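# An overview of the molecular structure
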Amino acid sequence: MQVHTGEAQEMEVWQQDMAVAPSETREIAVSLVNCSLSFGDVHVLKHVSLDIYENEFVSILGPSGCGKSTLLRLMLELLAPNPGGKVVYAAAKPSIGIVFQKPVLMPWLTARQNIELTLKMGPNKKKLGKQERREKAEASLELVGLQDFTNHYPHQLSGGMQQRISIARALAADPTILLMDEPFGALDEFTREKLNFELLRLWESPTTSLSSVVMVTHSIQESVIMSDRVVMMSPRPAGVEDILTVPLPRPREVGMEELPAFYQTVKELRKRVKHQ
Ligand SMILES: Nc1ncnc2c1ncn2[C@@H]1O[C@H](COP(=O)(O)OP(=O)(O)OP(=O)(O)O)[C@@H](O)[C@H]1O
């Protein structure tokens, strides 16, 4: 175990992955094993190994351009690692949802139709009839509190509401794994905090099938308040520099930012960022 201690009263929060989540107590949902990746001469990822467990929320932090989005694209199997690396899902057919920084909604479709379109084009297209797609779209809009806006077009909705639609769209296909690439980065601070807690409630709720969430973020505070573990990437070519376990209880609540455990963890992360 690698432990970085700070001032006397600070908690020992830096630990190696295996020490944090022993395999006998938690099931792995997906493993990245020795993943390296280059775009031509640009070496982006170098020997990345990382286990994501079931029922955990993991944030990825790292310098701009180090390869965080590339890591998510590897997990989505949109990119393949260099020979010698692999991405292994525990499930034979993993159900994965994705949320990007920008909602990417079709402007000529209503909120409901945007979700129906994804269900029509996605892996469920053969399974769901028109009525089922409609019901699923409406149910997922209700999950994110937009049941009164099903027939609104994107331009009639605020940025936060549009991002809620993209979360609803990801949830409509009942994913067990949710990958998020700076999902709240384009929102104002107030909306961002609101959506942080809304997302946590959805993740914890038995009404969704969500188990593991991996979120790329630039916000240290956001990573701490939301996550069980924070993965710190090194500069490019990026590897996993450190993994931090967040010593805050669940469920996370508004106001936990006032706890010593919160600001000590933020402080420790800031220190690590400065050293990069
Ligand atoms: N399709 C591509 N072709 C060539 N280079 C790429 C491609 N996609 C990403 N890159 C390069 O890979 C590196 C990592 O990009 P990536 O978007 O993964 O970084 P990031 O950590 O998510 O960045 P940011 O924090 O700024 O969003 C960058 O140098 C980028 O220019």
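Chains are numbered independently. Their residues run from 1 in the order of the written sequence. The predicted origin of the model limits local features to residues at a pLDDT of at least 70 and limits the giving and counting of side-chain atom pairs to 80 or more, whereas totals for whole chains, interfaces and linings rest on all residues. Side-chain metrics rest on all non-hydrogen atoms present in the structure, leaving aside hydrogens and water.

As annotated in an unreviewed UniProt entry, the chain carries the name ABC transporter ATP-binding protein and comes from Xylanibacillus composti.

To continue, consider the overall build of the chain. The secondary structure content of the chain amounts to eight helices and nine strands. The rule is simple: take the accessible area with a 1.4 Å probe, protein chains only, and divide by the maximum for that residue type; under 20% is buried, over 50% is exposed, in between is partly exposed. Expressed as a percentage of its 276 residues, the buried residues of the chain come to 50%. Contacts are assigned to residue pairs with any non-hydrogen atoms lying within 4.5 Å of each other. Within the chain, residue pairs in contact and separated by at least 24 positions form 72% of the contacts whose partners lie at least 6 positions apart. All accessible areas in this document rest on Shrake-Rupley with a 1.4 Å probe, and a residue is counted as covered only by the protein chains that are shown. Roughly 13400 Å² of accessible area belongs to the chain as shown, and the carbon and sulfur atoms make up 54% of that amount. Secondary structure elements follow DSSP: runs of H or I no shorter than four residues count as helices, runs of E no shorter than two count as strands, and numbering proceeds from the N terminus.

Core analysis: the largest hydrophobic core is formed by 47 residues, its most contacted members being Ile167, Met180 and Phe184. Considering each element in turn, this core owes the most residues, seven residues, to helix α5 (residues 159-172). With residues up to four places along the chain from it excluded, the contact list for Phe184 reads Ile167, Arg192, Leu195, Asn196, Leu199, Met215, Glu222 and Met226. Think of a nonpolar core as a cluster: buried Ala, Val, Leu, Ile, Met, Phe, Trp, Tyr and Cys residues, connected wherever their side-chain atoms sit within 4.5 Å. With 27 residues, the next largest nonpolar core counts Val30, Val48, Leu71 and Val231 among its residues.

Turning to the confidence of the model for the chain, a few remarks are in order. Think of pLDDT as the predictor's per-residue confidence, scored from 0 to 100. Of the residues in the chain, 89% reach a pLDDT of 70 or more, and the chain-wide mean stands at 88. Within the model, the stretch residues 1-23 combines pLDDT values under 50 with 50 contacts to residues more than four positions away or in other chains.

To continue, consider the site of the ligand. The environment of the ligand is made up of 14 residues, and the closest members are Ser64, Lys68, Ser69, Thr70 and His218. Here Arg236 contributes a side-chain N or O atom positioned 2.9 Å from an oxygen atom of the ligand. Burial of the ligand by the surrounding chains reaches 63%, relative to a free accessible area of 640 Å². The greatest single-element share of the shell around the ligand, amounting to four residues, is contributed by helix α2 (residues 68-75). Any residue with a heavy atom positioned within 4 Å of a molecule or strand is treated as near that molecule or strand. Identification of polar contacts relies on pairs of N or O atoms within 3.5 Å, with a donor-acceptor requirement for protein atoms, meaning one able to donate a hydrogen and the other able to accept it, and with residues adjacent in sequence counted only if both atoms are side-chain atoms.

Let's shift gears to the sheet that holds strand β8 (residues 229-233). Between any two strands, at least two bridges found by DSSP are needed for them to pair. What the six strands build is an open sheet, ordered β5-β6-β7-β3-β8-β9; its pairing is mixed. Across the chains shown, the open sheet's two edge strands, defined by having one partner strand only, are β5 (96-99) and β9 (240-245). When strand polarity is set aside, the average angle formed by the axes of neighbouring strands in this sheet is 15 degrees. Inspection of the sheet shows β8 paired to β9 by five bridges, in the antiparallel sense. In the strand pairing of β9, Val230 is matched with Leu244. Fitted lines through C-alpha atoms give the axes, limited to the stretch in contact for helices. The angle between two N-to-C directions lies from 0 to 180 degrees.

Inspection of the secondary structure puts Thr70 in helix α2. Of the residues examined, Thr70 reaches a relative accessible area of 9% and is grouped as buried. Contacts of Thr70, omitting those with residues within four sequence positions, involve Leu37, Phe39, Val44, Leu45 and Leu79.

So, about the environment of Arg169. One can find Arg169 in helix α5. A C-alpha to C-alpha distance of 5.0 Å links Arg169 and Ile115, two positions 54 residues apart in sequence.

Aromatic rings from Phe, Tyr and Trp, with only the six-membered ring used for Trp, were paired whenever their centres fell within 6.5 Å, and each pair was classed as stacked if the ring planes differed by under 30 degrees, edge-to-face if by over 60, and tilted otherwise. Following the criterion strictly, the structure yields one aromatic pair and no others. With 5.5 Å between their ring centres and 80 degrees between their planes, Phe57 and Trp203 make a pair best called edge-to-face. Here the residue Phe57 occupies a position in strand β3 (residues 57-61), and Trp203 occupies one in helix α6 (residues 189-204), the gap between them amounting to 146 residues. The exposure classification of Phe57 matches that of Trp203, with both residues buried.

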